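Coordinates in review
One-letter residues, chain by chain:
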Amino acid sequence: MAEPGSAARPARDTAQRFAAGSPRVLVAGATGFAGALAAYLLWRHPGFELVAVTGRSEVGRRLDELYPRYRVPLAIEELRLDRLEGVDAAVVAYPHAAAAPTVGALRERGARVVDLSADFRLGSLATYERWYGAHPRPDLLEQAVYGLTELHRQRIAGAAIVANPGCYPTASVLALAPLARAGLVADVVIDAKQGVSGAGRVYDETTHLSMAAENIVPYKVAAHRHTPEIEEQLAWLSGGGSPADEEGGGERSPGGSSVAVQFQAHLLPLDQGELASCYVTPTRAVTAAELAERFAAAYDQEPFVELVATPPGVREVRETNFCRIFAATDEHTGKVIVFAAIDNLWKGTSSQAVQNLNVMFALPEGEGLL
């Protein structure tokens, strides 16, 4: 009898599939949605060698038994620090506070890390502690670069720790970056919606099938932890931050004017997918022609951002690393409206992590993602 997943296992399921000297990567926290997807993308990636998947549960079970569709035939192991020698990079898919000590242990052994938690996303320690509590490893904050690839590509290339953005900030900041960079955001309301996979494998009464089906549920009203992340990036952009860090120095702390963001998240009866609807009060009148010019200048050369002529839906980006953006002016109110659609598990989490690993190891940015 064939092993689970063997029938559809990639042809590169041998050591020969790796080029000589391919970076050796592990995924810590591979039993969750984000970690499992990261493992899948790295398993089939021609430029990385996935050497281990670890978890705090399901130890000894193969990942292709837990997630048959990903067909990664590696057994889930405990994360043993004495076995990390020779690992070049890691994706850490732990919750906040649990991630930072593991990131620190990996860095002590020379591995470069893409962290999927919130532990290194905020440049301000005070802001982190206000929203998340005490930071387990504040000494590592200076090593971290915010991992929204389109905004911080040059600094990501040399980073020791890349803080992968939250899914909501990924869509929201990409939607607003061209306006924020021009100092055009006086006020913004972000109405964001995503599928229940954004809540992870542990379901509560909001994400339980009986509540999520045929329903729309707002959650974390006026208290969503992604709010300061969005605000910090918009402040950095308003201080002159450019897509590739050519201007503004790429500082992690805000360098421009602060913008108070009204952010509200909703769960939809979808598996995965996310739409950020952004309603901007501009600092001055913005014409449709100027709007189109600013978004084209920002994204025409970006491989994973698509500017579209009609508002996007989440089906258009499902299981891809793409973000589709539509921007318009409202002559009646004077507001600017921007919609951004992503797959919350892919561009919002795991495929963006692989995009960042590609940049960190000087591989083609789209390798393993197209």
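Remark on secondary structure: sheet strands pair via backbone hydrogen bonds, oriented parallel or antiparallel. Read from one edge to the other, the open sheet built from seven strands follows the order β9-β10-β8-β11-β14-β13-β12, with strand pairing classed as mixed. Sheet topology places β9 (217-219) and β12 (305-307) at the edges, where each strand pairs with a single neighbour. If you compare each strand with its neighbour and ignore which way they point, the axes differ by 20° on average. Running over the sheet, helix α8 (residues 227-238) touches β8 (185-195) and β10 (261-268) and is turned about 135° from β10. The strands touched by helix α9 (residues 288-299) are β12, β13 (323-329) and β14 (336-342); relative to β13, the strand with the most contacts, the crossing angle is about 160°.

Under the counting rule described, the total for this entry stands at 17 salt bridges. Here Glu108 ties to Arg109 by a salt bridge, and the two come within 3.9 Å at their closest N and O atoms. The class of Arg109 is partly exposed, set by a relative accessible area of 28%. The salt bridge involving Arg324 is made with Glu306; its shortest N-O contact spans 2.8 Å. Of this pair, Arg324 sits in strand β13 while Glu306 sits in strand β12, and the two are 18 residues apart along the sequence. Within this structure, Glu108, Arg109, Arg137 and Asp139 form a network of salt bridges that share partners.

Its identity is not glycine, yet Glu58 carries a phi of approximately 60°, on the positive side. Relative to the helices and strands, Glu58 is located in the loop between β2 (49-54) and α2 (63-66). Positive phi, normally seen in glycine, also occurs at Lys220, with a value near 50°. For Lys220, the location among the structural elements is in the loop between β9 and α8. We classify Lys220 as partly exposed; its relative accessible area is 47%.

Cut-offs and rules
Residues numbered from 1 in each chain as written. Predicted model: local features only at pLDDT ≥ 70, side-chain atom pairs only at ≥ 80, totals over all residues. Heavy atoms only, no water. Pairing = 2+ DSSP bridges. Helix = DSSP H or I, 4+ residues; strand = E, 2+ residues; numbered from the N terminus. Axes fitted to C-alpha atoms, helices over the stretch in contact; angles between N-to-C directions. Contact = heavy atoms within 4.5 Å. Salt bridge = Lys/Arg side-chain N within 4 Å of Asp/Glu carboxyl O. Buried < 20%, exposed > 50% of the residue type's maximum accessible area, 1.4 Å probe, protein only.

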